[in-house]
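# Inside the fold
Below, each chain spelled out in residue letters.
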Amino acid sequence: MRLWKTEKYWISTYVLLLSIFMLGFAYAADPSKVESKYIEMSKGNDNAPVVFVEYASLTCPACAAFHSNVYPQLNKEYIETGKVKFIHREIYFDKAGLWAALTARCTNVVNRYFGMLDLLYSEQPIWSRYESSDKIVDSLLKISAKSGIEKAKAISCLEDQEKALDLVNEFQIYVDKDAIESTPTFIINGKKYTNRSYDELKKIIDKELGN
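Residues numbered from 1 in each chain as written. Predicted model: local features only at pLDDT ≥ 70, side-chain atom pairs only at ≥ 80, totals over all residues. Heavy atoms only, no water.

## Topic: the overall build of the protein chain
Test applied: Helix and strand assignments follow DSSP, with helices taken as H or I runs no shorter than four residues and strands as E runs no shorter than two, numbered in order from the N terminus. Per-residue accessibility, obtained with a 1.4 Å probe over protein chains only, is compared with the maximum for each type, and a residue is labelled buried under 20%, exposed over 50%, and partly exposed between these values. Throughout, a contact is declared for two residues whenever any of their heavy atoms are within 4.5 Å. Note on areas: Shrake-Rupley with a 1.4 Å probe; residue coverage comes only from the protein chains shown.
Per the secondary structure count, the protein chain includes ten helices and seven strands. Out of the 211 residues in the protein chain, the part that is buried amounts to 50%. Expressed as a percentage of contacts within the protein chain between residues at least 6 apart in sequence, the contacts between residues at least 24 apart total 76%. For the protein chain, the exposed surface amounts to about 10500 Å²; the carbon and sulfur share of it is 51%.

## Focus: unusual backbone geometry
For the bond running from Thr183 to Pro184, omega is -10 degrees, close enough to zero to count as cis. Backbone geometry places Asn108, a non-glycine residue, at a positive phi of 60 degrees. For Asn108, the position within the fold is in the loop between helix H4 (95–104) and helix H5 (110–122). A relative accessible area of 34% places Asn108 in the partly exposed class. The backbone of Asn189 sits at a positive phi, close to 50 degrees, despite the residue not being glycine. Mapped onto the secondary structure, Asn189 falls in the loop between strand S6 (185–188) and strand S7 (191–193). Look at Asn189 and you get partly exposed, because its relative accessible area is 27%.

## Overview of the packing of H4 against helix H9 (residues 161–177)
Note the cut-off: Structural elements are reduced to axes, namely lines fitted to C-alpha atoms, with helices fitted over the stretch in contact, and the angle between N-to-C directions of any two is expressed from 0 to 180 degrees. Crossings are sorted by hand: turned counterclockwise from the far helix by less than a right angle, the near helix makes the crossing left-handed, and turned clockwise it makes it right-handed. The nonpolar class holds Ala, Val, Leu, Ile, Met, Phe, Trp, Tyr, Cys and Pro. Asp, Glu, Lys and Arg form the charged class, and all remaining residues, Gly among them, are polar.
The geometry of H4 relative to H9 is characterised by a closest axis approach of 11 Å and an angle of 115 degrees between their N-to-C directions. Both H4 and H9 take part in a crossing whose hand is right-handed. Note on element contacts: H9 touches H4 through Lys163, Ala164, Leu167 and Val168, opposite Leu98, Ala101 and Leu102. In terms of residue class, the contact of H4 with H9 is made up of six nonpolar, no polar and one charged.

## Remarks on the environment of His88
As a reminder, the rule being used: Polar contacts, as counted here, are pairs of nitrogen or oxygen atoms within 3.5 Å of one another; within protein the pair requires one atom able to donate a hydrogen and one able to accept it, and residues that are adjacent in sequence qualify only if both atoms are side-chain atoms.
Mapping His88 onto the fold places it in strand S5 (residues 84–90). Distance from His88 to Tyr113, taken between C-alpha atoms, is 9.9 Å for residues 25 residues apart in sequence. If sequence neighbours within four positions are ignored, His88 has contacts with Met41, Glu54, Ala56, Leu58, His67, Tyr113, Phe114, Leu117 and Tyr121. Polar side-chain contacts of His88 include one of 2.8 Å to the side chain of Tyr113.

## What about the packing of aromatic side chains?
Both the distance between ring centres and the angle between the ring planes are used here to describe each pair of aromatic rings. How we decide: By convention, a stacked pair of Phe, Tyr or Trp rings (six-membered ring in the case of Trp) has centres within 6.5 Å and planes under 30 degrees apart, an edge-to-face pair has planes over 60 apart, and any other such pair is tilted.
The full count for this structure, using the stated rule, is nine aromatic pairs. Their ring planes at 90 degrees and their centres at 5.3 Å tell us that Tyr113 and Phe114 sit as a pair that is edge-to-face. Using a relative accessible area of 0% as the deciding quantity, one classes Tyr113 as buried. A relative accessible area of 6% places Phe114 in the buried class. Among the aromatic residues, those joined into a cluster by ring pairs are Phe52, Phe66, Tyr71, Phe86, Tyr113, Phe114 and Phe186.

## What to know about the nonpolar core
What counts here: Buried Ala, Val, Leu, Ile, Met, Phe, Trp, Tyr and Cys residues that are joined via side-chain atoms within 4.5 Å together make up what is termed a nonpolar core.
Of all hydrophobic cores here, the largest spans 61 residues; its most connected members are Phe52 and Leu74. Not counting chain neighbours up to four residues away, the residues in contact with Leu74 comprise Phe52, Phe66, Ile79, Phe86, Tyr198 and Ile205.

## Concerning the side chain of His67
For His67, the position within the fold is in helix H2 (residues 61–69). Of the polar contacts made by the side chain of His67, one reaches the side chain of Glu54; its length is 2.7 Å.

## Observations concerning the side chain of Arg89
Assignment of secondary structure puts Arg89 in strand S5. Given a relative accessible area of 14%, Arg89 falls into the buried group. Polar side-chain contacts of Arg89 include one of 2.6 Å to the side chain of Tyr55. If we skip the residues at most four places from it in the chain, Arg89 touches Tyr38, Glu40, Val53, Glu54, Tyr55, Ala56, Tyr174 and Asp178.

Structure below.
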């Protein structure tokens, strides 16, 4: 496989092509015909009466604000108490968002994934605004290091062609299925909502719980 080289890092050609696709070019594969090893990242009781799906871009400021201002309350009151099963699904608007998802999913451990989300969202104003690919990668490697992932492992995750392809295939399927047009978008027990405050979400969830 021929490699594409940034100034400092070798990144597989597939990952580059997938990044280009995220910028709006056509992608030829039929995702419904590709065998996927995609892992759904969820938190909470699998048998919870309310299933809350968040569609979010890791480079989206409104998504970062949700995770800073709303998610902690949602987690404490509903997810940790077993009332809500929470699912986080990434939307890829750009290469930085795709690379960040590969970083978050590096170990495929759900608890670590959600911890990585906290780091990625809190430091989003830094890593997501670089135009240089090298600077984006450097920042993501620093975030990986903070979570205890060794540099060689973190780089291998960014170069993981199969996982990148799985992420993009699954992205195409669920964006089409749920008609996602903006982030964050929430699907709560099958009903779609645009961005909401905690109080608004609380009313929606409580209604679903019959309260």
